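# Coordinate inspection notes
Below, each chain spelled out in residue letters.
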Amino acid sequence: QLSVLLREAHALGIAPKILGAGTNVLAPDEGVRGIVICLRDTFMGLTLLDDNRVEAMAGMTLAQTAMFAARNNLSGLEFAHGIPGTVGGGIYMNAGAYGGELKDVAVATEFMLPDGSTEWIEGEAQGFGYRHSVFQGMEGVIVRTRFQLIPGEEKEIRSRIYELNEKRRS
């Protein structure tokens, strides 16, 4: 459905605005001209690919993804647990906190182009910088991301998540 919508919008010369969960977004009182596509509760799913890699669909929250990694004894996403929003939004803006950024663990991202086709953008081609990624200059939608993580102990990983959340609350 999304690929059809993107193709039709592209054919009409309309660049849709994409929202994940809509966290940290304020819409103007007069509304937004064009198409706004909200992907909340879509692109859901988490997969353990192997001993060190997790694949997260773009609609998963960063908290859900961090906890999935912890349950699978994988460290590296602890910093992301307290960041509001989705994996797609986090990748789009290279979300980070407490010294960690998604660029540190995101190894590949699948992106849907305006014609409805998808391509994988890997490694440095993701163009991560401070609160920036190559996706900000592209028309289309982030579909999913693969994270390279480090084996660890679930108890220690959860402890670090709790510690960072307490720091954030205080």
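This report concerns the structure included in the present document. Each chain carries its own residue numbering, running from 1 in the written order of its sequence. Whole-chain, interface and lining totals are the exception, using all residues; otherwise, since this is a predicted model, local features are given only for residues with pLDDT of at least 70 and side-chain atom pairs are given and counted only at 80 or more. Side-chain calculation: all heavy atoms of the structure are included, whereas hydrogens and water are not.

Moving on to the pattern of salt bridges. Any carboxyl oxygen of Asp or Glu within 4 Å of a side-chain nitrogen of Lys or Arg constitutes a salt bridge here. Enumeration according to the criterion identifies 10 salt bridges in this entry. The residue Arg158 makes a salt bridge to Glu154 at a minimum N-O spacing of 2.8 Å. Residue Arg158 and its partner Glu154 are both found in helix α4 (residues 154–169); the two are separated by 4 residues, about one turn of the helix. By relative accessible area, which is 32% here, Arg158 ends up partly exposed. One salt bridge in this structure joins Glu163 and Arg160, with 2.6 Å as the shortest N-O distance. Of this pair, Glu163 and Arg160 are both found in helix α4, 3 residues apart, which corresponds to roughly one turn of the helix. Connected through salt bridges with shared partners, the residues Glu55, Glu110, Arg144 and Arg146 form a single ionic network. Numbering of helices and strands runs from the N terminus, with a helix taken as a DSSP run of H or I at least four residues long and a strand as a DSSP run of E at least two residues long. The classification of residues rests on relative accessible area computed with a 1.4 Å probe and restricted to protein chains. Under 20% of the type maximum is buried, over 50% is exposed, and intermediate values are partly exposed.

Let us look at the sheet that holds strand β4 (residues 53–57). In a beta sheet, neighbouring strands are held together by backbone hydrogen bonds and run either parallel or antiparallel to one another. The strand order across the open sheet built from 5 strands is β3-β4-β10-β8-β9, with neighbouring strands paired in antiparallel fashion. Of all strands in the sheet, those bounded by a partner on one side alone are β3 (46–48) and β9 (118–122). Going from strand to strand, the sheet's axes swing by 20° on average, the running direction of each strand aside. Strand pairing is assigned whenever DSSP identifies at least 2 bridges connecting the two strands. Taken together, the 5 bridges between strand β8 (residues 106–112) and β9 define a ladder with antiparallel strand orientation. Looking across to β9, one finds that Phe111 is bridged to Glu119. Between N-to-C directions, angles span 0 to 180 degrees; the directions come from axes that are lines fitted to C-alpha atoms, helices contributing only their stretch in contact.

Counting through the fold element by element, Gly140 comes out in the loop between β9 and β10 (141–148). As for Gly140 and Gly31, which are separated by 109 residues in sequence, their C-alpha atoms are 21 Å apart.

Further remarks concern the environment of Ile37. You can see Ile37 is positioned in strand β2 (residues 36–38). Taking the C-alpha atoms as reference points, Ile37 and Ala125, separated by 88 residues in sequence, lie 25 Å from one another. Those residues in contact with Ile37 that sit more than four places away from it in its chain are Leu2, Leu5, Leu6, Pro16, Lys17, Ile18 and Leu19. It only takes one pair of heavy atoms within 4.5 Å for two residues to be counted as in contact.

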